[in-house]
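Remarks on the overall topology
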Amino acid sequence: MKLVIHPAVEPDRLAALMEAAPEAEFENAADEDSAVEAMVGAEAVLGKITPRMLARADRLRWVQSFTASLEHYIFPELVEHPCTLTNMRGLFGDVIADQVMGYILCFARNLHTYVRHQVERRYEPAGGESARVSFAAGPGTVNAMDRATIFLPGATMGIVGFGAIGAEIARRAMAFGITVHAVDRFPDRCPKLEGVEEIWSVDRLHSLLAQSDFVVIAAPHTPETERLFDARTIDAMRRSSYLINVGRGAIVVLDDLVDALREGRIAGAALDVFEVEPLPPDHPLWGFPNVIITPHTAGYSPVVSPRHLAALTANLRRFLRGEPLANVVEKALWF
Ligand SMILES: NC(=O)C1=CN([C@@H]2O[C@H](COP(=O)(O)OP(=O)(O)OC[C@H]3O[C@@H](n4cnc5c(N)ncnc54)[C@H](O)[C@@H]3O)[C@@H](O)[C@H]2O)C=CC1
Ligand SMILES: O=C(O)C(=O)CO
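Residues numbered from 1 in each chain as written. Chains lettered and ligands numbered in written order. Predicted model: local features only at pLDDT ≥ 70, side-chain atom pairs only at ≥ 80, totals over all residues. Heavy atoms only, no water.

Here we look at the site of ligand 2
We count it as follows: The criterion for a residue being near a molecule or strand is simple. One of its heavy atoms has to lie within 4 Å of it. In protein, a polar contact requires one atom able to donate a hydrogen and another able to accept it; more generally it is a pair of N or O atoms within 3.5 Å, and residues adjacent in sequence count only if both atoms are side-chain atoms. Using a 1.4 Å probe, accessible areas were evaluated by the Shrake-Rupley method; residue-level cover was limited to the displayed protein chains.
Neighbouring ligand 2 are Thr67, Ala68, Ser69, Phe92, Arg248 and His296. With respect to ligand 2, the side chain of Arg248 contributes an N or O atom lying 2.7 Å from an oxygen atom. Protein contacts shield 75% of the accessible area of ligand 2, which totals 230 Å² for the unbound molecule.

Put into structure tokens, the structure is as follows:
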């Protein structure tokens, strides 16, 4: 059986795939032209298939993407084609959830502000010296402390997209005492997690936003989620709440977010993904002290590469044995 890998993987990865499927013939295609050449007779593509590759396919039955998200993979002919498409959902849940809790702890305890202060050798409470607490100073000072911090066991989180990542975020948030709600395209298919208040359908997004101190986007970029967080949606959030996006950049309209931040219509944001990546150096988002920017690295961890290879080889074995594949996606939902 012939399989095309595109783009080509490292020799150690190829060796692991060959070991998992000694009976298969692998074409580790260095570029699109060689991948197109190799498509005749190929029954599977591991990685990215392009329209030119698909046009040459005569025996294709399976495409396994190397990523969880599919917006750069999917095109009309692939949606129409009878091959099965599988993705890499589920590899990143715990890793990305740790990063989300990192953002939340920064906002709750002002750690991002103190890191900036440290660069300036500035020994001062977030919110200025007037926010320093002295219990001898009488009423009012405690209010200043209240304004500068968030007590997590009293906080609420709204998760948009309650899949593998969303569920792990919820698990950690609940361990900090945060009350968690969510919306999802398919509430009935979501992981069942004790303690999560409710998982609503997406038509209740605005109710979710109205009651959340932290709004976390962990959904894919699909036609339904593209530009979902525009000015109208952002305005449904509380003025005191923070927007966190670890899903995909195209879900949040950055110009609208910048306007909301400028006008104090939300408290801040933490973003790992952007409409345009890399985020240009002159983008206004860089200038906000209440914004944390990470360069699409929320999924980085030493555990991810071994998990990726294990998921790939496991699905490859299933395919060769004719067993049902893991992480089959409904192509039409993505286009
Ligand atoms: N920042 C990063 O480095 C990474 C980001 N991601 C992003 O996270 C996304 C989710 O990954 P997983 O949790 O592993 O996938 P998953 O498939 O387990 O979860 C996605 C969830 O979003 C839901 N969903 C789909 N359309 C929706 C909509 N219109 N509104 C609300 N929910 C909707 C799905 O029903 C599903 O429950 C990926 O598609 C990718 O875009 C994934 C890996 C790394
Ligand atoms: O797999 C994905 O979708 C990613 O974003 C990996 O970083």
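A look at the nonpolar core
The condition that has to hold: Put simply, buried Ala, Val, Leu, Ile, Met, Phe, Trp, Tyr and Cys residues joined by side-chain atoms within 4.5 Å make one nonpolar core. We call a residue buried when its accessible area falls under 20% of the maximum for its residue type, exposed when it is over 50%, and partly exposed in between, using a 1.4 Å probe and counting protein chains only. Only DSSP runs of H or I covering at least 4 residues are called helices, and only runs of E covering at least 2 are called strands; the numbering of each starts at the N terminus. Domain ranges listed in this record stem from an automatic or a database domain assignment. A contact between two residues is defined here by any heavy atoms of the two lying within 4.5 Å.
In terms of nonpolar packing, the biggest core is built from 78 residues, with Phe26 and Ile49 touching the most fellow members. When residues in this core are grouped by element, the largest group, ten residues, is from helix 5 (residues 93–109). In terms of domain composition, this core takes at least three residues from each of domain 1 (2–91 + 303–333) and domain 2 (93–110 + 149–293). If sequence neighbours within four positions are ignored, Phe26 has contacts with Leu3, Ile5, Leu14, Leu17, Met18, Ala21, Leu46 and Leu316. By size, the runner-up hydrophobic cluster in this structure holds 29 residues, among which are Leu205, Ile217, Leu271 and Val291.

With respect to the sheet that holds strand 8 (residues 198–201)
This is how the line gets drawn: Here, any two strands with at least 2 DSSP bridges between them count as paired. Lines fitted to C-alpha atoms define the axes here, with helix axes fitted over just the stretch in contact, and angles between the N-to-C directions of these axes take values from 0 to 180 degrees.
Strands sit in the order 8-7-6-9-10-11-12 across an open sheet of seven strands; the sheet is parallel. Edge positions in the open sheet fall to strand 8 and strand 12 (291–293), since each of these has one partner strand only. On average, each strand axis in the sheet is inclined to that of its neighbour by 15 degrees, with strand direction left out of account. Helix 11 (residues 254–262) contacts strand 10 (242–245), strand 11 (268–271) and strand 12 of the sheet and is inclined by roughly 145 degrees relative to strand 11.

A few points about the sheet that holds strand 5 (residues 84–86)
Sheet architecture is open: five strands sit in the order 2-1-3-4-5, paired in parallel fashion. At either end of the open sheet lies a strand with only one pairing partner, and these are strand 2 (25–28) and strand 5. Averaged over all pairs of adjacent strands, the angle between strand axes in this sheet comes to 20 degrees, irrespective of strand direction. In terms of strand pairing, strand 1 (residues 2–6) meets strand 2 through four bridges, oriented parallel. Residue pairing across strands places Lys2 opposite Glu25, the latter belonging to strand 2. Contacting strand 1, strand 2 and strand 3 (42–47), helix 1 (residues 11–20) crosses the sheet at an angle of about 160 degrees to strand 2.

As for the domain arrangement of the protein chain
Applicable threshold: By convention, the term buried area covers the 1.4 Å-probe accessible surface removed from two parts as they join, with the contributions of both added. Salt bridges, as used here, are contacts in which a Lys or Arg side-chain nitrogen is within 4 Å of a carboxyl oxygen on Asp or Glu. Residues are grouped as follows: nonpolar covers Ala, Val, Leu, Ile, Met, Phe, Trp, Tyr, Cys and Pro; charged covers Asp, Glu, Lys and Arg; every other residue, Gly included, is treated as polar.
The domain architecture assigned to the protein chain consists of domain 1 (2–91 + 303–333) and domain 2 (93–110 + 149–293). Each of domain 1 and domain 2 was reduced to a C-alpha centroid, and the two centroids are 31 Å apart. Between domain 1 and domain 2, the buried area comes to about 780 Å², and carbon and sulfur atoms account for 47% of it. The interface formed by domain 1 and domain 2 includes three salt bridges. Close ionic contact of Asp94 with Arg307 constitutes a salt bridge, the shortest N to O distance being 2.8 Å. The tally of links from domain 1 across to domain 2 stands at four residue pairs in polar contact (both at pLDDT 80 or more). In terms of residue class, the side of domain 1 that touches domain 2 is made up of four nonpolar, two polar and four charged.

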